[in-house]
Every structure is written in C-alpha cells, then in structure tokens.
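Single-letter residue listing:
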Amino acid sequence: MPGANPEERLAQLGIDVSTPASPVANYVPAVRTGNLVFVSGQGPRRPDGSMVTGKVGSAVSLDEAYEAARLCGVNLIAALKSQVGDLGNVRRIVKLLGMVNAEPGFNDHPKVINGCSDLLVDVFGDNGKHARSAVGMGSLPDQISVEIEMIAEVAESTQIPD
Amino acid sequence: MPGANPEERLAQLGIDVSTPASPVANYVPAVRTGNLVFVSGQGPRRPDGSMVTGKVGSAVSLDEAYEAARLCGVNLIAALKSQVGDLGNVRRIVKLLGMVNAEPGFNDHPKVINGCSDLLVDVFGDNGKHARSAVGMGSLPDQISVEIEMIAEVAESTQIPD
Amino acid sequence: MPGANPEERLAQLGIDVSTPASPVANYVPAVRTGNLVFVSGQGPRRPDGSMVTGKVGSAVSLDEAYEAARLCGVNLIAALKSQVGDLGNVRRIVKLLGMVNAEPGFNDHPKVINGCSDLLVDVFGDNGKHARSAVGMGSLPDQISVEIEMIAEVAESTQIPD
C-alpha cells in the first residue's frame, strides 16, 4: 500500500533523501512548532547538485517543469526528514505553496506543481494529500524554474534528531 | 450583528457556498491540522463556473478586480465549509495570502484584496479580521485575475463531515 | 549573548519598534492562534514613514534592497510586539515569506532577504533562526521593493495586550 511506509516507498523509487540542501543564506531547512513542521522553499536541485533553470513556458517545457517540481518534492522530503528522522513520523502533508518561474502568459501552473503533489501522494499515500496553491512568480533565485515550500504535521511523539 | 451567525449572513447576502470548487489537480480543497484549516488557493469562480481572467491594471479594472477578490472569498468560504460543516464552528479567520495577477506597475493590490477581506468581515464579524499579505504575481493559472489562500481556526470540537 | 533579551538588543541597535504600521486596508497587523502569531506582510517603511520603492536589480541595488529587507524586519518585529507585549515572550521565529519586487532576470533574492533574516538572528539569537522562502514578485503595492510576512511561536502564557 503506497504511503504505509514512506521510507520503503522512497527506496523502491530509488530516491535518496539523506542529504538535504544546505541553506544558501541565514536560515534553516525546516522549523518545528508544536506538531507542525514548516519547510523552507526548495528548488529543483538534481542529485548531482545542479538546478533546473529557465522560464517555464519558453526555455523550459511543461514536461521539464513537471520534473523540476518533482525534484523540489524530493528536496522537501529530504529537508523534512532532517527534522523528523523516520518519515513514518509524518502524519500529514498539510500545505504546499508551489511557485513557478513562468512566462506572464503561462496557464498550466497546476500541471507543473503536480510533479511535487504526485510524488507526495505516491510516497505518503492518503497522508500525502494536501492543500496547495500553484502560482506564477516574476522571478526566482538564480533563475530556477520552480520553488516549493511545505507545511507537514508530525506525530506528537516525534523527536528531532541531533 | 454581522458575523454572529455566518450561515445566516451568507443567506441574507444571497451567497451560495454549498458547492466548493473541485481541485483541478492532485490536491484537496482544505486540510485540517489541530484547530487550523489550511484552505487551498481559490480563484475568482463565478456561480456559473466561469472565471474572471486578465491582467489587473490593464484588461481588468480595479473595481472588477475587487469583485474578483470577493468571488475568491466566496470560494474560500465554500472550501472551508466543506471541512467544518456549520460555519459557526469557525473561531477566527487567521490569515490570507492575496495574489493579484497585475501589471508590473500596478499599485493597488490592497484595494483589490479588500474584496475578499470585506466579505470575510461582513460574514464573520470581528472573528473575520485577519492578518494578510496582498501582492502581485507574474502569472496565475489560466490567466485568472486573482487567487487567494486562507488559514482559519476552528473550534476544538469541530467534526469534519464525511 | 545576542537574543537572550531581544528588547535590550533592539535598544542597543537603536531600533524603535513601539509603533507598528497601520494596516492600509481591512485587516489587522497580526493574529494569534494557539501559540502561533501570523504577522501581516510588512513593507520597507523607514522611521520617517516613507517607503523604499523601485524594482530590485535596476532602480534599486542589492545593497539598498538588503537594507529594505532589514526595514521590513523592523516592521515585522513592531507588529509582533503589538501582539505579544514583551518580545521575551517570543519562543521562535518560525517562518518568513520574503517577496522581492525584482526584475525578471534578478538572481539574488536570498541575499536581499538576508537583510531581514540577519536582523532576526541578531535580535532573537538562536530563537531567531527560521525557515523561509525568498522569491520574486511581478509587482508589489505602491512599487515597494520588498515585502515580508512572518510566523512566530510565542510562550503559552503570553497575554495579548489590550
């Protein structure tokens, strides 16, 4: 059953979330408050450390942007894992703000951000179903094509790893 | 007294919130975590299902954009109601992120988003007073003129309807 | 130790946070729900009431934008203080959404928003370390260069001042 064990599902998918991105400035990857974890905006970092860049709707196609949003999802899960240890502690993915670096006339932001939403539902099952907005930005850092931030709910007993 | 009974006030205003918009992608209209409900970004969907589209500050006037933001508010209340049943369970509207699909030189985002804020205060009274940001996007899905997301606080005892 | 006493640190820095900005529309500067305070988006208001305006990356330089973000931080702290009284009640700065009114080809949003993040860490110490996103908007109200919204966690016992 997808989502029953998110760690196993990630292994099946061959996705490595052991190394969260280092913040490029004076902030942290995620903060827990009560049972909520607020995860910093994550870009489409590939496993080799490079980023998907370019305006969606011209330099970057819809399919490429979907894959970029999926990469944002991988990095969000990695940042979340750095706060909660075992991803089995995640009770619910609560909310995404999906930000697309799109041409002014672009229409398909929801289809782009599905790259992240589909991954979350694949990995966390019903617990991965979330509220979200999918919108178009004027610009994003270093011309990255997509950036996504996330709120998750974790089990009360979750210990933050050292 | 406005807001004492939000369901009655909506009826007085002739606003139907019985049918939340169906998400156009892999997400849900709202997620409750603890006493907070995070409502997905809602567009300016008219009762007939059509959307207000076009850039604010050129194709769409300030007055039209105010009405578009009010429609976003109607859809936010409908999505919230789908999670909380009776709107009397809403303790507080906490926060809006009001996103205007505006021309780069547009100045009046706050006046646009007032279309939603005024409705919320009209319907929920003092409980409808919220924190917010009102900002300008580079683009929005299908050229909609405004999109707004919301966080609300509900009474502890609120049961999510089946 | 920086942050041990945020009120003292602000005094050392000569920063006055006694006067939060008045909302320019139908909303409030901040809303508390549980132990969280959601602070409305704040612009780069100078002590004399004027605002830093203009597109970052052309009319406004990176250094000027950093200072603008720092001013947003001052206004965020003032709005937070209006809700929590003594800033010693702040347990954690949880999250920023840093929005830069940037040229479409601008790259350095994180360096801009550091103006706010650095101030928060200076004032609140380790409690000031937060999750965040730093992104580029198509436009902002009255052409302000930066707008930032914030979520903070306060001590359970915090009384909202009258």
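Quick caveat: nothing in here was measured; it's all calculated off a predicted structure.

Reading the values: rules and limits
- Residues numbered from 1 in each chain as written.
- Chains lettered and ligands numbered in written order.
- Predicted model: local features only at pLDDT ≥ 70, side-chain atom pairs only at ≥ 80, totals over all residues.
- Least-squares fit on C-alpha atoms with pLDDT ≥ 70 in both.
- Contact = placed C-beta atoms within 7 Å.
- Axes fitted to C-alpha atoms, helices over the stretch in contact; angles between N-to-C directions.
- Helix = DSSP H or I, 4+ residues; strand = E, 2+ residues; numbered from the N terminus.
- Parallel < 35°, antiparallel > 145°, perpendicular 65-115°, else oblique.
- Left-handed = near helix turned anticlockwise from the far one by under 90°.
- Nonpolar A, V, L, I, M, F, W, Y, C, P; charged D, E, K, R; others polar.
- Buried ≥ 20, exposed ≤ 12 C-beta atoms within 10 Å, placed from the backbone.
- Arc of directions from axis to C-beta.
- Pairing = 2+ DSSP bridges.
- Core = buried A, V, L, I, M, F, W, Y, C linked by C-beta atoms within 7 Å.
- Expected span 1.5 Å × (residues − 1).
- pLDDT = per-residue confidence, 0-100.

## Points about the relation of the copies chain A and chain B
Here's step 1: The operation relating chain A to chain B is a screw motion whose rotation component is 120°, with 0.0 Å of axial translation and a residual RMSD of 0.0 Å. Put plainly, the chains are arranged around a three-fold axis. When C-alpha positions in chain A are compared against the rotation axis, the closest is assigned to G138 of chain A, at 2.4 Å.
Here's step 2: Little of the interface of chain A is mirrored in chain B, where only 7% of its interface residues again form contacts.

## As for the packing of helix 2 (residues 62-84) of chain A against helix 3 (residues 109-124) of chain A
All names here are of chain A.
Here's step 1: Contact pair helix 2 / helix 3: the axes reach a minimum separation of 7 Å and the direction vectors enclose 40°. In terms of axis orientation, helix 2 runs oblique to helix 3. When you trace helix 2 past helix 3, the crossing you get is right-handed. Residues L62, A65, Y66, E67, A68, A69, R70, C72, G73 and I77 of helix 2 lie in contact with helix 3, whose contacting residues are K111, V112, I113, N114, G115, C116, L119, L120 and V123.
Here's step 2: Looking at the contact of helix 2 with helix 3, its residues break down into 13 nonpolar, three polar and three charged.

## Structural notes on the interface of chain A and chain C
Here's step 1: At the interface, 23 residues of chain A touch 30 residues of chain C.
Here's step 2: Those elements that place two or more of their residues in the side of chain A that touches chain C are strand 1 (30-33), strand 2 (36-42) and strand 5 (146-154) of chain A.
Here's step 3: The dominant element in the side of chain A that touches chain C, judged by the number of residues it contributes, is strand 2 of chain A, at four residues.

## Let's talk about the relation of the copies chain A and chain C
Superposition of the two copies of the chain requires a rotation about an axis and a shift along the axis.
Here's step 1: By a simple turn and slide, chain A fits onto chain C: the slide is 0.0 Å along the axis, the RMSD is 0.0 Å, and the turn is 120°.
Here's step 2: A share of only 9% of the interface residues of chain A reappears at the interface of chain C, consistent with the copies meeting through non-equivalent patches.

## Focus on helix 1 (residues 6-13) of chain B
All names here are of chain B.
Here's step 1: Here helix 1 has its buried residues at P6, R9 and L10. Down the axis of helix 1, the buried side of the element spans an arc of 100°, and every buried residue falls inside it. Across from the buried face of helix 1, at angles greater than 90 degrees, the exposed residues are A11 and Q12.
Here's step 2: Looking at the buried residues of helix 1, the elements they touch are strand 3 (90-100) and helix 3 (109-124).

## Quick word on the pairing of strand 5 (residues 146-154) of chain C
All names here are of chain C.
Here's step 1: Here strand 5 lies mainly inside the structure; nine of its nine residues are buried.
Here's step 2: Where burial is concerned, the two faces of strand 5 agree: the one with V146, I148, M150, A152 and V154 and the one with E147, E149, I151 and E153 are both buried.
Here's step 3: With five bridges connecting them, strand 2 (residues 36-42) and strand 5 associate as antiparallel partners. What sits directly across from F38, in strand 5, is I151.
Here's step 4: Pairing geometry for strand 3 (residues 90-100) and strand 5, over nine bridges, is antiparallel. Across the sheet, V90 pairs through a bridge with V154, a residue of strand 5.

## Details of the interface of chain A and chain B
Here's step 1: Taken together, the contact pairs 30 residues of chain A with 23 residues of chain B.
Here's step 2: The greatest single-element share of the side of chain A that touches chain B, amounting to seven residues, is contributed by helix 3 of chain A.
Here's step 3: A class-by-class count of the residues in the side of chain A that touches chain B yields twelve nonpolar, ten polar and eight charged.

## Looking at the sheet that holds strand 4 (residues 131-136) of chain A
Pairing between the strands of a sheet is mediated by backbone hydrogen bonds and can be parallel or antiparallel.
Residues and elements named next belong to chain A.
Here's step 1: Ordered in space as 1-2-5-3-4, the five strands form an open sheet in which the pairing is mixed. Two strands close off the open sheet at either side, each with one partner strand: strand 1 and strand 4. Within the sheet, the average angular offset between the axes of one strand and its neighbour, ignoring direction, is 15°.

## What about the nonpolar core?
As a rule of thumb, nonpolar side chains are buried together in soluble globular proteins.
Here's step 1: Judged by nonpolar contacts, the single largest core of 162 residues is most densely connected at I148 of chain A together with I148 of chain B.
Here's step 2: Beyond its immediate sequence surroundings of up to four residues, I148 of chain B is in contact with G41, Q42, A69, C72, L76, L96, L97, G98, M99, I113 and C116 of chain B.

## Focus: helix 2 (residues 62-84) of chain C
Residue and element names in this part refer to chain C.
Here's step 1: Relative to the 33 Å expected for 23 residues at 1.5 Å per residue, helix 2 spans 33 Å between its end C-alpha atoms, a close match to the ideal helical length.
Here's step 2: A large share of helix 2 lies buried, amounting to 18 of its 23 residues.
Here's step 3: Positive phi shows up at G85, right after helix 2, with a value of about 70°.

## Overview of the environment of V28 of chain A
Here's step 1: Relative to the elements of secondary structure, V28 of chain A occurs in the loop between helix 1 (6-13) and strand 1.
Here's step 2: Separated by 83 residues in the primary sequence, V28 of chain A and K111 of chain A place their C-alpha atoms 29 Å from one another.
Here's step 3: In this structure, V28 of chain A is in contact with P23 of chain A together with K129, H130 and A131 of chain C, ignoring residues within four places of it in sequence.

## What to know about the environment of R45 of chain A
Residue and element names in this part refer to chain A.
Here's step 1: Mapped onto the fold, R45 is located in the loop between strand 2 and helix 2.
Here's step 2: A tally of 20 C-beta atoms within 10 Å means that R45 is categorised as buried.
Here's step 3: For R45, the residues in contact, after removing those within four places along its chain, are A21, M51, L71 and N75.

## With respect to unusual backbone geometry
Here's step 1: Phi is positive for Q143 of chain B, which is not a glycine, with a value near 65°.
Here's step 2: With respect to the helices, strands and loops of the structure, Q143 of chain B is situated in the loop between strand 4 (131-136) and strand 5 (146-154).
Here's step 3: The exposure class of Q143 of chain B is partly exposed, given the 18 C-beta atoms found within 10 Å.
Here's step 4: Positive phi, normally seen in glycine, also occurs at D142 of chain C, with a value near 50°.
Here's step 5: In this fold, D142 of chain C is placed in the loop between strand 4 (131-136) and strand 5.

## Topic: the confidence of the model for chain A
Here's step 1: When pLDDT is averaged along chain A, the result is 92, and 94% of the positions lie at 70 or above.
Here's step 2: Quick note on the complex model: pTM equals 0.94, ipTM equals 0.93.

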